[in-house]
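Reading the structure
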Amino acid sequence: MKKNKIPLKIIVMIVSALFLCVLSFGLFFKVIVNHRFVNAYAEDVYLSEDEQLLTFLNAPESYLPYYNLGNVAFENTDYSSAVGYFTKALSLFPMGQKDCDVRINLALSMCYSIDFQHLESKERIDTALVILYKARDILLENGWANDDPQLAKDEDAQQLKEDIDKIIEKLENPEDGDNSQNDQEEDENNDNQDESGSEPQQPSDREKKKQDELDENKKNAMEERRRQQKDMENWEKSEDGEEAGAGSGGSYKPW
């Protein structure tokens, strides 16, 4: 007696149904985990391990878990990891405004990774400039920021690009800030001279040269670094994102 074979069409339908069930369960699991992550994030609780699971269920919107994990790393001041996560998210082609959000957070993380308090050598300054120019280029891609502000597609990206331009200008031309400070000190000395009504005792050429060398070594470098750090800190002062990005710490909130 011959056994009835199951038609190939029926087998294909069964396999397809099982595949759809698995896919639906995966999507449902992803939505639930991500929803828990976003709600916990709003309470300053970071469920990184749960969100990490979504990197294995990364379709659709495969960039989503990497973006969210980048936000956690940013909040934890682990800027190197944040750069890695946002770079991965960007490589997975987020679309529209989400592409802009990822680029802003990536550029911010790159900028915050620079230790502006310890740029004592030319090598460190050059390294910082490389990072800043890369962050700037990331914002310029796809036209989110533009050298012509009127052509920029996003205000936050444009503002961050302009902030980066200011930092680059200060690092490339530190003598401008030094000259300004020296002029101010000279004016103060002149004012003191006017108030006293007498000429101060002039130091000898040798003493003046020695004093200039000491001043050159210790006076202006740290002050310039403090001004640069203050500019960087301004990016995170605005709670409503007016200066650079929305959400806590200047970065965008998770999706």
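In this text, all values refer to a predicted model and were calculated from it rather than measured experimentally.

Next up on the list: the overall build of the protein. The helix and strand inventory of the protein stands at 10 helices and 0 strands. Mapped in sequence order, the helices and strands of the protein form the string α-α-α-α-α-α-α-α-α-α. For the protein, the residues scored as buried account for 34% of the 255 residues in total. In the protein, 63% of the contacts between residues at least 6 apart in sequence involve partners at least 24 apart. Here the protein has roughly 16300 Å² of accessible surface; of this, 54% comes from carbon and sulfur atoms.

A cluster of nonpolar side chains, contributed by Ile 6, Leu 8, Ile 10, Ile 11, Val 12, Met 13, Ile 14, Val 15 and Leu 18, occupies part of the molecular surface with about 860 Å² of accessible area. Within the secondary structure, Ile 11 is located in helix α1 (residues 8–42). Judged by its relative accessible area of 38%, Ile 11 is partly exposed.

Viewed as axis vectors pointing N to C, helix α6 (residues 122–140) and helix α7 (residues 155–172) meet at an angle of 160°, and their least axial separation amounts to 10 Å. The pairing of α6 with α7 is recorded here as roughly antiparallel in orientation. Every pair of crossing elements has a handedness; the one defined by α6 and α7 is left-handed. Packed against α6, whose contacting residues are Ile 125, Ala 128, Leu 129, Leu 132, Tyr 133, Ala 135, Arg 136, Leu 139 and Leu 140, the element α7 presents Ala 157, Leu 160, Lys 161, Ile 164, Asp 165, Ile 167, Ile 168, Leu 171 and Glu 172 at the interface. Class assignment for the residues of the contact of α6 with α7 results in 14 nonpolar, no polar and 4 charged.

This part is about the confidence of the model for the protein. The share of residues in the protein with pLDDT of 70 or more is 62%, and the mean pLDDT across the chain is 76. This stretch, residues 235–249, has a pLDDT under 50; its non-local contacts, to residues over four places away or in other chains, come to 33 contacts.

With that settled, the discussion passes to the pattern of salt bridges. Going through the model one piece at a time under the given rule, you end up with 9 salt bridges. Measuring nitrogen to oxygen at the nearest pair gives 3.2 Å for the salt bridge that ties Asp 147 to Lys 161. With Asp 147 in the loop between α6 and α7 and Lys 161 in helix α7, this pair connects stretches of sequence that are 14 residues apart. Judged by its relative accessible area of 53%, Asp 147 falls in the exposed class. One salt bridge in this structure joins Asp 165 and Lys 161, with 2.9 Å as the shortest N-O distance. Placement of the pair is Asp 165 and Lys 161 together in helix α7, with a separation of 4 residues, close to one helical turn. Residue classification places Lys 161 among the buried residues on the basis of a relative accessible area of 4%.

Basis of the calculations
By convention here, each chain's residues receive numbers from 1 onward along its written sequence. The predicted origin of the model limits local features to residues at a pLDDT of at least 70 and limits the giving and counting of side-chain atom pairs to 80 or more, whereas totals for whole chains, interfaces and linings rest on all residues. Side-chain numbers here rest on the full set of heavy atoms in the structure, without hydrogens or water. Put simply, DSSP H or I for four residues or longer makes a helix, DSSP E for two residues or longer makes a strand, and each gets a number counted from the N terminus. Only protein chains enter the calculation, and the probe is 1.4 Å; a residue is then buried if its accessible area is under 20% of its type maximum, exposed if over 50%, and partly exposed in between. Contacts between residues were defined by any pair of non-hydrogen atoms, one from each residue, lying within 4.5 Å. Residue-level accessible areas treat just the shown protein chains as cover; the underlying method is Shrake-Rupley with a 1.4 Å probe. Within this analysis, patches are made of residues with over 30% relative accessible area and no salt bridge. Like charges are joined at 9 Å or less; nonpolar side chains (Val, Leu, Ile, Met, Phe, Trp, Tyr) at 5 Å or less. Whenever a carboxyl oxygen of Asp or Glu lies within 4 Å of a side-chain nitrogen of Lys or Arg, that contact is scored as a salt bridge. Helix axes use the C-alpha atoms of the stretch in contact, all axes being lines fitted to C-alpha atoms, and the angles between their N-to-C directions lie in the range 0 to 180 degrees. An angle below 35 degrees is read as roughly parallel, one above 145 as roughly antiparallel, one from 65 to 115 as roughly perpendicular, and any other as oblique. Throughout, a crossing is termed right-handed when the near helix is turned clockwise from the far one, and left-handed when it is turned anticlockwise from it by less than a right angle. Under this grouping Gly is polar, as are all residues other than the nonpolar Ala, Val, Leu, Ile, Met, Phe, Trp, Tyr, Cys and Pro and the charged Asp, Glu, Lys and Arg. On a scale of 0 to 100, pLDDT captures the predictor's confidence in every residue.

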